[in-house]
Amino acid sequence: MWRQILNTTVIAGSLDIVAAFVQAYISNKIPPDIVLKYIASGMFGDKAFEGGIDMIVVGLFFHFTIAFACVAVFFIVYPKLKILHHRIVLNSLIIALTAWSMTHLVIIPLSKIGPRPFELKSALTAIGILFLCVGLPIAYSAKQFFKKKANGI
């Protein structure tokens, strides 16, 4: 199972960070290195923006750590909750809403970034990205993995 979790983390995490890069650049002309330094600033504050490749790597590490947590939790919960065995789209929405809520209501407020004002357009964009890039790959991967496991494959 852990191999599938790692593979799914790479897929979902990669899709999500690329979508974040594209969205940040299209909306505000923010380049990818600044996106990753912003992620690192959760731990290091404004000093992250003064850093170089080290802070970029730290931001990428934190991003994939959060992606791994999303994947691992879903894979652990999936066999225990039969309701999750039916609809990939519903699971994707649950994953997206949970990931957005945890990030924006818990992780960011507790980080050195601090609380941010709620903006509906920004929230809907983020949830949409999470739905497509994180939720769908995780929900599909879990369904396929546990279906194969149930069939003895």
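Before any of the text, the structure's been laid out above.
Quantities reported herein were computed from a predicted structural model and do not represent experimental measurements. Numbers given for residues are sequential positions, taken from 1 along each chain in its written order. Local features in this predicted model are restricted to residues of pLDDT 70 or higher, and side-chain atom pairs are both shown and tallied only at a pLDDT of 80 or more, whereas totals for entire chains, interfaces and linings draw on every residue. By convention in this description, side-chain values take in all heavy atoms of the structure and omit both hydrogens and water.

As for the nonpolar core
Move 1: For our purposes a nonpolar core is just a set of buried Ala, Val, Leu, Ile, Met, Phe, Trp, Tyr and Cys residues, chained together by side-chain atoms within 4.5 Å. Between buried and exposed lies partly exposed: a residue is buried under 20% and exposed over 50% of the maximum accessible area for its type, with that area taken using a 1.4 Å probe on protein chains only. With 21 residues, the main nonpolar core has Phe74, Phe75 and Ile138 as its most contacted residues.
Move 2: Examining the composition of this core, we find that 9 residues originate from one element, helix H5 (residues 120-150), more than from any other.
Move 3: Leaving out residues up to four positions away in the same chain, Ile138 has contacts with Thr8, Ala12, Cys70, Val71, Phe74, Phe75 and Ile95.
Move 4: In terms of nonpolar packing, the next biggest core, distinct from the first, is built from 6 residues, Ile17, Ala24, Val35 and Ile56 among them. Each helix corresponds to a stretch of at least 4 residues labelled H or I by DSSP, and each strand to a stretch of at least 2 residues labelled E; elements are numbered beginning at the N terminus. It only takes one pair of heavy atoms within 4.5 Å for two residues to be counted as in contact.

Focus on the packing of helix H1 (residues 2-28) against helix H3 (residues 53-77)
Move 1: To get an axis, a line is fitted to the C-alpha atoms, and for a helix only the part in contact is used. The angle between two axes follows their N-to-C directions and goes from 0 to 180 degrees. The contact between H1 and H3 brings their axes to 8 Å, and the two run at 130 degrees. Judged by the angle between their axes, H1 and H3 are oblique. The two elements H1 and H3 cross, and the hand of that crossing is right-handed. Taking contact as the criterion, the partners of Trp2, Gln4, Ile5, Leu6, Thr8, Thr9, Val10, Gly13, Ser14, Asp16 and Ile17 in H1 are, on H3, Leu60, His63, Phe64, Ala67, Phe68, Val71, Ala72, Phe75 and Ile76. Each angle is binned into one of four classes, with values under 35 degrees roughly parallel, values over 145 roughly antiparallel, values of 65 to 115 roughly perpendicular, and all other values oblique. Helix crossings are classified by the rotation of the near helix relative to the far one: an anticlockwise turn of less than a right angle makes the crossing left-handed, while a clockwise turn makes it right-handed.

Some words on the packing of H1 against H5
Move 1: In the contact formed by H1 and H5, the axes pass within 10 Å of each other and the chain directions differ by 165 degrees. Between H1 and H5, the angle falls in the class roughly antiparallel. Crossing geometry of H1 relative to H5 is assigned as right-handed. Across the interface between the two elements, Gln4, Thr8, Ile11, Ala12, Leu15, Asp16, Ala19 and Gln23 from H1 touch Thr125, Ile129, Leu130, Cys133, Val134, Pro137, Ile138, Ser141 and Phe145 from H5.

Describing helix H4 (residues 88-110)
Move 1: Here the expected span of a helix is defined as 1.5 Å times the quantity of residues minus one. Here H4 spans 31 Å end to end across 23 residues, near enough to the 33 Å set by a 1.5 Å rise per residue.
Move 2: Bend at a residue means the angle formed by two fitted axes: the first through the 7 residues ending at that position, the second through the 7 residues beginning there. If you look at H4, its biggest bend is around 35 degrees, right at Thr103.
Move 3: Looking only at H4, the buried set comprises Asn91, Ser92, Ile95, Ala96, Ala99, Trp100 and Ile108.
Move 4: Those residues of H4 hidden inside the fold are in contact with helix H2 (32-44), H3 and H5.

A look at the packing of aromatic side chains
Move 1: Each Phe, Tyr or Trp ring (for Trp, its six-membered ring) is paired with any other whose centre lies within 6.5 Å, and the angle between the two planes then decides the class: stacked below 30 degrees, edge-to-face above 60, tilted in between. Per the stated rule, a full pass over the model turns up 8 aromatic pairs.
Move 2: Aromatic pair Phe75 and Phe145: ring centres 6.0 Å apart, planes at 55 degrees, arrangement tilted. Here Phe145 lies in helix H5 and Phe75 lies in helix H3, a separation of 70 residues in the sequence. The exposure classification of Phe75 matches that of Phe145, with both residues buried.
Move 3: Here a set of aromatic residues connected by ring pairs shows up, and it is made of Phe74, Phe75, Tyr78, Phe145 and Phe146.

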